[in-house]
Amino acid sequence: MQLGGPAMRRMPELYACLYAKEFPAQALLRLRPDIGTQACVVLEGEPPQQTVCSMNPRARVLGAERGMTRVEVDTLPSLHVLTRSQTQETAAKSALLECAGGFSPRVENRSTGNSFIAVIDIAGTDSLFGSPDQLGKTLLSRVRALGVSAVIAVSSNLHAAVSLAKGLSGKSRILVVPQGAEQKALSALPISVLDLSEAHAETFDLWGINSLGMLANLPEKELVARMGQEGRRLRQLARGESPHLFQPVEPPFTLEERIELDSPVELLDSLMFVAGVMLEQLILRASSRIVALASVTITLSLEGNDTHIRTVRPALPNNDRQLWLKLLHLDLEAHPPQAAILSLTLTAEPGYTSKVQLGLFSPQLPEPGRLDITLARIAKIVGEGNVGRPVLQDTHHPQGFRIDPFTVPSDEPRDVPARSTTAVLRALRPPESVQLTLNKQTPERFRFRQENYVVERAFGPWAARGEWWNSGIWGREQWDLVARADNGNVLYGCLTRDVMLNRWRMVGLYD
């Protein structure tokens, strides 16, 4: 291979600019579908000096303008007023950058002011996503699913793509400019798309320069003589010739959504309506990465600077919105917050769903979601720590086990043991007290559950003790016995004596 041959040629540059204007308003409304169809304005600043910083198209039709005070806003009819939230804007930006990262690993964040701007290096992605126009349509559909309205401009020059995206208006959502046609496409745009400083804007206004085409036609030497190198840079931007050093970002993949409620919420049903929209966004973002939600943590900010945190973790990761909503509802019913809710945050951990290949004649297994809901309902009745799977501990204590959360076992087939004929001890919890008569330190008679029994056979005692190193030291003697009641019934039981307290109790019955 010769150096500089066709295989070593550099791939031509191609950039797609994703542009979403009025981003403060869009970040707030994406999680509020109930008011998204109304005219809304966003205020920033401290009362009473709040001013409008963003709005949706319906509010602009009613006469809302940027910079209006709260008093001026109140004079307009049917306006819904929201307060700007930097946390929700940050969460929305992260979601959009994640979405853009699904089309290229090289994404640059150029967001400024009230607009979200992300430039994606899409050179060489034709084999994955098709033509630039097809890629733009796919990207826009995913952005709309996130609740954000945006436009896309594609160009071989990064700055030209940004300017063209800012200038798109009307029903046009995607614009693809062929290489070499940047100056012609930019010529009709207003000069305001360059984000000029006040001094430069005033200068161009005095010169009568109001479009990029007029700026591009100015002689370079005379422009540099009057404005310096900044004039040369602005002329290059207007001609679509300005170079750029691409600075990609790598945002971490975090599944988190946050919303600050307009008013304190006390009803759980109202909270679940908001949580349902947030869960839908989390599931959408997880599905785009081909993962599922393994756990969801809900954090509630309460009045009085309190915080209520709960985590729900089903047996298997899944993306079933109704299942997650039901599990969160049952958990919050069992552990309700103690004050009104001011804000809500949902954080999820990604996981992978397992696929089980069933045999042709194997019985159909129940859905894992039904098991999770059943366990949650049982836990609501008997207590959270009383539902799960028993795990033996490394001790000889008779109650030496703990309850762990239920997990689905591996899909590997296991041999089913043969049926055992060993007697099974059914433990009594709590153990039941008995009145006992001894004969030479051996049980002879006892009264249990309002019945008198005579011991026919007794085996024991088996003594055990342990944990001398802490305050929970224990010691006991165990007897296995066969006893007959006055009515002829036979009892097979396990009787123990607490060595420390000299107390006899029936701890189990053999079936």
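Just above sits the structure.
These remarks concern the structure in this document. It should be emphasised that the depicted structure is a prediction, and the values quoted were computed from it without experimental measurement.

1. Regarding the overall build of the protein chain
So, step 1. A count of helices and strands for the protein chain gives 15 helices and 21 strands.
So, step 2. With the principal axes as the frame, the protein chain shows a C-alpha extent of 120 × 70 × 50 Å.
So, step 3. By residue count, 41% of the 511 residues in the protein chain fall in the buried class.
So, step 4. A fraction of 60% describes how many contacts in the protein chain between residues 6 or more apart in sequence connect residues 24 or more apart.
So, step 5. Counting every atom, the protein chain has about 29,800 Å² of accessible surface; 51% of that belongs to carbon and sulfur.
So, step 6. Once the 54 positive and 55 negative side-chain charges of the protein chain are each reduced to a mean point, those two points are 4 Å apart.

2. Points about the sheet that holds strand 16 (residues 435–439)
So, step 1. With respect to topology, seven strands assemble into an open sheet ordered 15-21-20-19-18-17-16, the strand pairing being antiparallel. In the strand order of this sheet, the two ends are held by strand 15 (425–433) and strand 16, each with one partner. Taking each pair of neighbouring strands and ignoring which way they run, the sheet shows an average axis angle of 30 degrees.
So, step 2. Of the pairings in the sheet, the one linking strand 18 (residues 451–466) to strand 19 (residues 474–485) comprises eleven bridges and is antiparallel in character. What sits directly across from Val-454, in strand 19, is Arg-484.

3. Overview of helix 4 (residues 86–101)
So, step 1. An ideal rise of 1.5 Å per residue puts 22 Å on 16 residues; helix 4 measures up with 22 Å between its terminal C-alpha atoms.
So, step 2. Among the residues making up helix 4, those that are buried are Gln-88, Glu-89, Ala-91, Ala-92, Ala-95, Leu-96, Leu-97, Glu-98, Cys-99 and Ala-100.
So, step 3. Its buried side turned inward, helix 4 meets helix 1 (23–29), strand 5 (107–109), strand 6 (116–121), helix 6 (132–145), strand 9 (255–265) and helix 13 (268–288).

4. Concerning a nonpolar patch on the surface
So, step 1. Residues Ile-378, Ile-381 and Val-382 make up a contiguous nonpolar surface patch of roughly 290 Å² in combined accessible area.
So, step 2. Residue Ile-381 is classed as exposed on the basis of its relative accessible area of 72%.

5. A short note on the nonpolar core
So, step 1. The biggest cluster of nonpolar side chains holds 34 residues, and the ones touching the most others in it are Leu-293, Val-296, Leu-300, Leu-328, Leu-344 and Leu-346.
So, step 2. Listing elements by their share of this core, those giving two or more residues are strand 9, helix 13, strand 10 (292–302), helix 14 (321–334) and strand 12 (341–351).
So, step 3. Leaving out residues up to four positions away in the same chain, Leu-346 has contacts with Leu-255, Glu-256, Glu-257, Ala-275, Met-278, Leu-279, Leu-282, Val-296, Thr-297, Ile-298 and Leu-328.
So, step 4. In this structure, Val-162, Ala-165, Leu-168 and Leu-186 belong to the second largest nonpolar core, which totals 32 residues.

6. A word on helix 12 (residues 229–239)
So, step 1. Burial in helix 12 covers these residues: Gly-231, Leu-234, Arg-235, Gln-236, Leu-237, Ala-238 and Arg-239.
So, step 2. Each element contacted by the buried residues of helix 12 is listed here: helix 7 (158–167), helix 8 (182–186), helix 9 (198–207), helix 10 (212–216) and helix 11 (220–227).
So, step 3. Backbone geometry just downstream of helix 12 places Gly-240 in the positive-phi region, at approximately 70 degrees.

7. A short note on the packing of aromatic side chains
So, step 1. Counted according to the given criterion, the structure contains five aromatic pairs.
So, step 2. Taking 5.8 Å as the distance between ring centres and 80 degrees as the angle between the ring planes, the aromatic pair formed by Phe-204 and Trp-207 counts as edge-to-face. A residue pair is termed a helical-turn pair when its members lie 3 or 4 positions apart in one helix, as Phe-204 and Trp-207 do in helix 9 at three residues.
So, step 3. Given a relative accessible area of 38%, Trp-207 falls into the partly exposed group.
So, step 4. Lying over the aromatic face of Phe-253, Arg-289 brings its terminal NZ or CZ to 4.4 Å of the ring centre.

8. Side note on the sheet that holds strand 4 (residues 79–83)
So, step 1. Taken in spatial order, the three strands of this open sheet run 3-2-4, and their pairing is mixed. Two strands close off the open sheet at either side, each with one partner strand: strand 3 (51–55) and strand 4. Across the sheet, the mean angle separating the axes of adjacent strands is 40 degrees when strand polarity is ignored.

Definitions and cut-offs
- Residues numbered from 1 in each chain as written.
- Predicted model: local features only at pLDDT ≥ 70, side-chain atom pairs only at ≥ 80, totals over all residues.
- Heavy atoms only, no water.
- Helix = DSSP H or I, 4+ residues; strand = E, 2+ residues; numbered from the N terminus.
- Buried < 20%, exposed > 50% of the residue type's maximum accessible area, 1.4 Å probe, protein only.
- Contact = heavy atoms within 4.5 Å.
- Areas by Shrake-Rupley, 256 points an atom, 1.4 Å probe, with all protein chains shown as cover.
- Lys, Arg positive; Asp, Glu negative; His and termini not counted.
- Charge placed at Lys NZ, Arg CZ, Asp CG, Glu CD.
- Pairing = 2+ DSSP bridges.
- Axes fitted to C-alpha atoms, helices over the stretch in contact; angles between N-to-C directions.
- Expected span 1.5 Å × (residues − 1).
- Patch = residues over 30% accessible without salt bridge, like charges linked within 9 Å, V, L, I, M, F, W, Y side chains within 5 Å.
- Salt bridge = Lys/Arg side-chain N within 4 Å of Asp/Glu carboxyl O.
- Core = buried A, V, L, I, M, F, W, Y, C linked by side-chain atoms within 4.5 Å.
- Phe/Tyr/Trp six-rings, centres within 6.5 Å; stacked < 30°, edge-to-face > 60°.
- Lys NZ or Arg CZ within 6 Å of the ring centre and 35° of its normal.

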